[in-house]
Amino acid sequence: MMKKILLPPRSMWETLCMRPEPESTDLDDRVKSIVRSVRERGDSAVRDMSTAFDGYPTERLKVITEEITMAAQLVPENLKDAIEKAKINIETFHSAQLTAEQVVDISPGVRCWRRNVAIESVGLYIPGGNAPLFSTVLMLAIPAKIAGCKKIVMCTPPDRNGNINPAILYAAHITGITDIYKIGGAQAIAAMAYGTESVPRVFKIFGPGNRYVTRAKELVQQDGIAIDMPAGPSELMIIADDRANPEFIAADLLSQAEHGPDSQVILLTDNEMLMENTMAEVKRQQYKLPRKEIIERSLENSLFILLHSPDECIDFSNAYAPEHLIIATANTSLLAERVVNAGSVFLGEYSCESAGDYASGTNHTLPTNRYARNYSGLSVESFVKKITYQEITEEGIRELGPVIQTMASAEGLEGHKNAVTVRLNKLSNDRPE
């Protein structure tokens with residue numbers, strides 16, 4: 001059950017902000033071995049690992065068109081409708097993110113600007129298993145398409161019969177993803193990072209996964225393959241006062257706790273009665289949910305914290321830097337303005353975290369493990385490079401040249417100075433007497 005912490009002093013906050021540490025005895029060695037094997041042996045290594053880890057000896061790694069067509073027939077119409085509506089909302093929100101930047105006239109003859117250029121080749125990892133995240137297909141594929149990425153590769157693990165969840169394939173189909181591979185785990189990350197006989201190499205890898213996937217992403221990053229962000233177990237923090245609904249709060253805490261046994265959920269409040277009522281609601285609701293064993297283990301990592309005021313709750317939240325933050329208080333908008341560290345914020349009692357996970361339009365790929373202090377959630381810009389340009393005329397180099405010469409000389413870089421000097425000399429010689 002969740003631990004109850006009453007009025008902890010600020011000196012204790014840093015300890016309370018620590019995330020649960022998973023067992024990682026041989027994780028590093030195992031993932032390094034997988035990555036190295038795929039890099040050296042390509043498809044052969046991928047097939048061996050698919051047999052060992054997924055229980056299916058995948059001969060053909062790439063999903064064929066017939067499988068995608070058949071999958072669409074297996075998805076219920078009401079789910080298709082829901083996916084389509086979520087797709088529209090996500091497209092609407094993300095389409096507004098990519099805007100052309102203005103050319104800036106720095107001084108006479110000196111112009112600078114930036115241009116958005118899509119990353120040419122990207123890889124999307126979609127977890128399968130007990131919770132096949134077809135929603136993540138939408139969250140990754142839609143911004144990649146809006147950005148204009150030319151090559152989009154997707155890897156997701158098959159079941160023991162070699163089939164990919166039909167909803168995952170349907171979501172891929174309606175977002176225009178056709179390069180899909182039946183590969184899961186760390187071997188999928190390695191395949192996309194280095195390329196195999198079947199899987200094209202990509203320049204940046206996106207998507208959540210278990211600790212093996214996360215560690216593989218960190219390892220390939222050392223070889224110059226970019227990743228979306230450091231990722232860890234899911235997190236939810238709720239700030240609530242005496243006006244909040246304990247039933248709603250408990251439901252939100254449980255919705256995030258069911259992600260996995262290492263997820264962490266935290267309630268911050270200045271009202272002890274709300275805390276007690278919410279704890280009772282958690283107990284009442286958790287045993288009605290099918291993933292109750294996972295929830296039970298997750299709640300062991302989780303906290304109910306009583307603080308002196310909503311202002312203190314916001315201070316604690318900014319120190320914790322949660323992946324998801326729900327603010328359910330009387331002065332929601334005022335507290336929201338004080339948030340500086342959070343992945344995604346949900347305001348008011350009807351803004352459940354599930355909305356952001358599926359269909360409100362915002363992205364659910366967010367920084368965890370305090371990385372919200374220095375990372376943003378996924379966006380169209382995550383799939384874009386910004387290339388800077390400058391254009392300097394004769395007038396511009398005459399004006400700017402002496403500044404460059406002085407600075408280059410002061411740094412002892414005479415070659416830099418000379419690149420300006422030869423131009424200024426030419427302009428001086430070309431000037432009519």
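Residues numbered from 1 in each chain as written. Predicted model: local features only at pLDDT ≥ 70, side-chain atom pairs only at ≥ 80, totals over all residues. Heavy atoms only, no water.

A. Highlighting the overall build of the protein chain. Looking only at helices and strands, the protein chain features 17 helices and 14 strands. Seen along its three principal axes, the alpha-carbon backbone of the protein chain occupies a region of about 95 × 60 × 45 Å. When contacts within the protein chain are restricted to residue pairs at least 6 apart in sequence, long-range pairs at least 24 apart make up 75% of them. Here the protein chain displays about 21,100 Å² of accessible surface, and carbon together with sulfur accounts for 50% of that area. One way to put it: in the protein chain the 45 positive side-chain charges average out to a point 5 Å from where the 57 negative ones average out. (Helix = DSSP H or I, 4+ residues; strand = E, 2+ residues; numbered from the N terminus. Contact = heavy atoms within 4.5 Å. Areas by Shrake-Rupley, 256 points an atom, 1.4 Å probe, with all protein chains shown as cover. Lys, Arg positive; Asp, Glu negative; His and termini not counted. Charge placed at Lys NZ, Arg CZ, Asp CG, Glu CD.)

B. Geometry of the pattern of salt bridges. The full count for this structure, using the stated rule, is 25 salt bridges. For the salt bridge of Lys 182 with Glu 67, the shortest nitrogen-to-oxygen distance reads 2.6 Å. You can see Lys 182 sitting in strand E6 (residues 179–182) and its partner Glu 67 sitting in helix H4 (residues 65–74), a full 115 residues away along the chain. By the burial criterion, Lys 182 is buried, and Glu 67 matches it. Here Asp 311 ties to Arg 338 by a salt bridge, and the two come within 2.9 Å at their closest N and O atoms. With Asp 311 in helix H13 (residues 310–320) and Arg 338 in the loop between helix H14 (332–336) and strand E13 (344–347), the pair connects residues that are 27 residues apart, well separated along the chain. Taking relative accessible area as the criterion, Asp 311 reaches 41% and is therefore assigned partly exposed. (Salt bridge = Lys/Arg side-chain N within 4 Å of Asp/Glu carboxyl O. Buried < 20%, exposed > 50% of the residue type's maximum accessible area, 1.4 Å probe, protein only.)

C. Up close: the pairing of E13. Where burial is concerned, the two faces of E13 differ: the one with Ser 344 and Phe 346 is buried and the one with Val 345 and Leu 347 is not. Pairing analysis gives 4 bridges linking strand E12 (residues 324–328) to E13, with the strands arranged parallel. Across the sheet, residue Ile 326 finds its bridge partner in E13, namely Phe 346. (Pairing = 2+ DSSP bridges.)

D. Spotlight on the sheet that holds strand E8 (residues 226–227). Spatial strand order, E6-E5-E4-E7-E8: 5 strands in an open sheet with parallel pairing. In the strand order of this sheet, the two ends are held by E6 and E8, each with one partner. Note: strand E4 (residues 121–125) against strand E7 (residues 204–206), 3 bridges, orientation parallel. Note on E7: the bridge partner recorded for Val 122 is Lys 204. Packed on one face of the sheet, helix H9 (residues 211–221) meets E4, E7 and E8 and runs near 165° to E7. (Axes fitted to C-alpha atoms, helices over the stretch in contact; angles between N-to-C directions.)

E. A look at the environment of Ile 142. Along the chain, Ile 142 turns up in helix H6 (residues 134–147). Counting along the chain gives 238 residues from Ile 142 to Val 380, while the straight-line C-alpha distance between them is 8.4 Å. Ignoring sequence-local partners within four residues, the contact set of Ile 142 consists of Lys 87, Ile 90, Glu 91, Val 137 and Thr 175.

F. The arrangement of the packing of aromatic side chains in detail. Counting across every chain of the model gives 5 aromatic pairs. Taking NZ or CZ as reference, Arg 19 lies 3.5 Å from the ring centre of Tyr 320, over its face. (Phe/Tyr/Trp six-rings, centres within 6.5 Å; stacked < 30°, edge-to-face > 60°. Lys NZ or Arg CZ within 6 Å of the ring centre and 35° of its normal.)

G. Representation of helix H5 (residues 77–95). Under the 1.5 Å per step criterion, the end-to-end length of H5 is 27 Å for 19 residues, consistent within 8% with the ideal 27 Å. Residues of H5 that are buried: Lys 80, Ile 83, Ala 86, Lys 87, Ile 90 and His 94. Seen along its axis, H5 keeps its buried residues to an arc of 130°; they face one direction. What points out from H5, more than 90 degrees from its buried face, is the exposed set Glu 77, Asn 78, Lys 85 and Thr 92. Considering only its buried residues, H5 is in contact with H4, H6, helix H7 (166–174) and helix H15 (353–358). (Expected span 1.5 Å × (residues − 1). Arc of directions from axis to C-beta.)

H. Seen up close, H9. Burial analysis of H9 places 8 of its 11 residues in the buried class, which makes it a mostly covered element. Along H9, the residues that are buried comprise Tyr 212, Val 213, Thr 214, Arg 215, Ala 216, Lys 217, Leu 219 and Val 220. Its side-chain oxygen at 3.0 Å from the backbone nitrogen of Tyr 212, Asn 210 defines the N-terminal cap of H9. (Polar contact = N/O pair within 3.5 Å; in protein donor to acceptor, adjacent residues only side chain to side chain.)

I. Geometry of the sheet that holds strand E2 (residues 104–107). Read across the open sheet, the 3 strands follow the order E2-E3-E14; overall the sheet is antiparallel. The open sheet is flanked by E2 and strand E14 (384–392), the only strands paired with a single partner. Each neighbouring strand pair of the sheet contributes to a mean axis angle of 25°, computed without reference to strand direction. As judged from the 3 bridges shared by E2 and strand E3 (residues 110–118), these two strands associate in the antiparallel manner.

J. The side chain of Asp 179, seen in detail. Relative to the elements of secondary structure, Asp 179 occurs in strand E6. Residue class for Asp 179 comes out buried when judged on its relative accessible area of 10%. In terms of polar contacts, Asp 179 uses its side chain to reach the side chain of Lys 62, at 2.9 Å.

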